[in-house]
Amino acid sequence: MVRLALIESEYEKEIFPTKELINHLKENKIKTIALFASIQFATLDKFTEELEKEGLEIKITKAKRTNKPLQVLGCDCYSDSFAESIINDSDIILYVGDGMFHPKALLLAQIKTKIKPVLIFNPISESLEIITEKDIEKQVQKMKRNLRMFLNSESIGILVTIKPGQQYFLSAKRLKEKLESEGKKAYIFLDDSINLNNLENYPFIQSWVNTACPRIGTDDIVNFTQPIINLKEASNPITALEDLENGKS
Amino acid sequence: MYKLELEKVIEEVKNKEAKQVVVQLPDGLKNKSNEVVEHIEKNTDAKAFIWFGSCFGACDLPLGLDALNIDLIIQWGHNRFNKEDW
């Protein structure tokens, strides 16, 4: 049997808030912060201490999938991905890390409500960046369009990956049965890494359901004309569409 | 810039008495894979190989390596996560 060891690859340096960050928070009269980081930057004791010295209240939660408080994964992109609703209860969302994949999850997690901006502090370049609902606008529009198309489709393709951590074969089989009970045709497709360019080989499919990484159904969809929705939405597409329509974006 | 924790890696290889190890690094660390392989082969009796493909997260582990008698996968950049029921 193949065994597994995971190495977190933590950032080497201690992370402190910069003057620019503190000034930004003060200028915007921020009192409470919902703090998140990717695993490389999730040791933020000194950082938190310094912000608290400035009179700021730091709120931390544990995303359901992670094992370290304040860590966020790319798949923590739903409103119910976190143990406590610190996103709603804070003046600002602060993400410590580099790249856009993780902080965008924090925007997507707010899709059902008014979307607060996410302030990104990159500890390597010590720079600040703000992402807002505008940064996911295209995605949200496409998600709505895809849900409407899914509801009107008679022939559905369900995508399943064999990657152990993203494999939802059983859920896919359950969904196939449900769709068939509604009089639709459903087919299950298996692969390792799901390359969406391969969708064009199956013109008999009108809509796709992705059961692998949920970011396929929120991010990758913007590059494809074929409608793709995620498993979570496929089990209750009307509610999912209503949630998106009622969202402020 | 990021800790490779090579000492911990050697410990893992020795404790698990691994003979054939696959190292799987995220794209940003793939250029360190030669360094990692050389370190493992120099400090243990194990042979080390490099996973060429994706490393999206702890959700993305290479499968089918049993056929090559690989006994340990070491993945960098991620920690254990709890799979949610969908």
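Use the structure listed above.
Residue positions are counted from 1 within each chain, in the order its sequence is given. Chain labels run from A onward and ligand labels from 1 onward, assigned in the order the entries are written. Only residues with pLDDT of at least 70 are given local features in this predicted model, and only at 80 or more are side-chain atom pairs given and counted; all residues enter the totals for whole chains, interfaces and linings. Each side-chain value is derived from all of the structure's non-hydrogen atoms; neither hydrogens nor water enter the calculation.

Each helix corresponds to a stretch of at least 4 residues labelled H or I by DSSP, and each strand to a stretch of at least 2 residues labelled E; elements are numbered beginning at the N terminus. Scanning chain B from terminus to terminus reveals 2 helices and 3 strands. Going from N to C terminus, chain B has its helices and strands arranged as α-β-α-β-β. The C-alpha atoms of chain B give 13 Å as radius of gyration, which agrees with the globular expectation for 86 residues (12 Å, within 12%). The C-alpha extent of chain B, read off along each of the three principal axes, is 45 × 35 × 25 Å. For chain B, the residues scored as buried account for 49% of the 86 residues in total. In this analysis, two residues are considered to be in contact whenever any of their non-hydrogen atoms come within 4.5 Å of each other. When contacts within chain B are restricted to residue pairs at least 6 apart in sequence, long-range pairs at least 24 apart make up 68% of them. We take the radius of gyration over the C-alpha atoms and set the globule estimate at 2.2 Å times the residue count to the 0.38 power. Throughout, exposure labels follow a simple rule: accessible area from a 1.4 Å probe, protein chains only, divided by the maximum for the residue type, with under 20% read as buried, over 50% as exposed, and the rest as partly exposed.

Core analysis: the biggest nonpolar cluster contains 55 residues, and Phe-36, Phe-82, Leu-106, Val-118, Ile-158, Leu-196 and Val-209 of chain A have the highest contact counts within it. The contacts of Leu-106 of chain A, once residues within four sequence positions are left out, are Phe-36, Val-72, Phe-82, Ile-87, Ile-93, Tyr-95 and Val-118 of chain A. Counting residues in hydrophobic clusters, the runner-up holds 43 residues, among them Leu-6, Val-13, Ala-18 and Val-21 of chain B. Within this scheme, the nonpolar core is defined by two criteria: the residues are buried Ala, Val, Leu, Ile, Met, Phe, Trp, Tyr or Cys, and they are joined through side-chain atoms within 4.5 Å.

Here we come to a negative patch on the surface. All names here are of chain A. Residues enter patches when their relative accessible area tops 30% and they take part in no salt bridge; the joining distance is 9 Å for like charges and 5 Å for the nonpolar side chains Val, Leu, Ile, Met, Phe, Trp and Tyr. Here, Shrake-Rupley sampling with a 1.4 Å probe gives the accessible areas, and only protein chains in the shown set may cover a residue. The term salt bridge refers to a side-chain nitrogen of Lys or Arg lying within 4 Å of a carboxyl oxygen of Asp or Glu. Residues counted as positive are Lys and Arg, residues counted as negative are Asp and Glu, and His and the chain ends are not counted. Lys charges are placed at NZ, Arg charges at CZ, Asp charges at CG and Glu charges at CD. Together, Asp-45, Glu-49, Glu-52 and Glu-57 make up a region of like negative charge exposed at the surface. In terms of residue count, helix H2 (residues 45-53) provides more of the negative patch than any other element does, 3 residues in total. Note on Glu-57: relative accessible area 42%, which makes it partly exposed.

What follows covers the interface of chain B and chain A. Chain B puts 35 residues into the contact, and the matching count from chain A is 39 residues. Buried area counts how much accessible surface, traced with a 1.4 Å probe, disappears from two parts once they are put together, with both parts' losses summed. Summed over both sides, the interface between chain B and chain A buries roughly 3700 Å², with carbon and sulfur atoms accounting for 55% of that surface. Across the pair Arg-65 of chain A and Glu-84 of chain B runs a salt bridge, and its minimum N-O distance is 2.6 Å. Polar contact criterion, stated in full: a pair of N or O atoms within 3.5 Å, where within protein one must be able to donate a hydrogen and the other to accept it, and residues adjacent in sequence count only if both atoms are side-chain atoms. Joining chain B to chain A, the criterion identifies 22 residue pairs in polar contact (both at pLDDT 80 or more).

Attention shifts here to the state of the cysteines. Note on terminology: pairs of cysteine sulfur atoms within 2.5 Å are recorded as disulfides. Summed over the entire model, instances satisfying the criterion amount to 0 disulfides over all chains. Left without a disulfide partner, Cys-77 of chain A is nearest to the cysteine sulfur of Cys-75 of chain A, which lies 7.0 Å away. Lacking any disulfide linkage, Cys-59 of chain B is separated from the closest cysteine sulfur, that of Cys-213 of chain A, by 6.3 Å. Owing to a relative accessible area of 17%, Cys-59 of chain B belongs among the buried residues under this scheme.

Let us look at the sheet that holds strand S6 (residues 127-131) of chain A. Residue and element names in this part refer to chain A. An order of S3-S2-S4-S5-S6 is seen for the 5 strands of this open sheet, with the pairing classed as mixed. The strands lining the two open edges of the sheet, one partner per strand, are strand S3 (57-59) and S6. When the angles between neighbouring strand axes are averaged without regard to direction, this sheet yields 30 degrees. Pairing between two strands requires that DSSP report at least two bridges joining them. Judged from the 3 bridges that link them, strand S2 (residues 32-37) and S3 form a sheet pairing that is parallel. Looking at the pairing, Ile-33 lines up with Ile-58 of S3. Under this scheme, a helix contributes an axis fitted over its contacting stretch, all axes are lines through C-alpha atoms, and angles between N-to-C directions fall in the 0 to 180 degree range.

Quick look at the sheet that holds strand S10 (residues 228-230) of chain A now. Residues and elements named next belong to chain A. Overall, parallel pairing links the 4 strands, which are arranged S8-S7-S9-S10 in an open sheet. Where the open sheet ends on each side, the last strands, each with one partner, are strand S8 (185-191) and S10. Strand after strand, the sheet turns through a mean of 25 degrees between neighbouring axes, direction not considered. Across 4 bridges, strand S7 (residues 155-161) lies against strand S9 (residues 207-210) in parallel orientation. Paired with Leu-159 across the strands is Asn-210, a residue of S9. Its contacts with the sheet put helix H4 (residues 137-151) on S7, S9 and S10, and the angle it makes with S10 is roughly 95 degrees.

A few words now on the pairing of S9 of chain A. All names here are of chain A. On S9, burial covers both faces: Ser-207 and Val-209 on one face and Trp-208 and Asn-210 on the other are all buried. Bridge count between S9 and S10: 3 bridges; the pairing is parallel. Within the sheet, the bridge partner assigned to Trp-208 lies in S10 and is Ile-228.

On to a nonpolar patch on the surface, then. A surface patch of nonpolar side chains, about 280 Å² in accessible area, is lined by Tyr-187, Tyr-202 and Phe-204 of chain A. Examined against the element boundaries, Tyr-202 of chain A turns out to sit in the loop between S8 and S9.

From the geometry alone we can't say anything about function, so treat these as descriptive.
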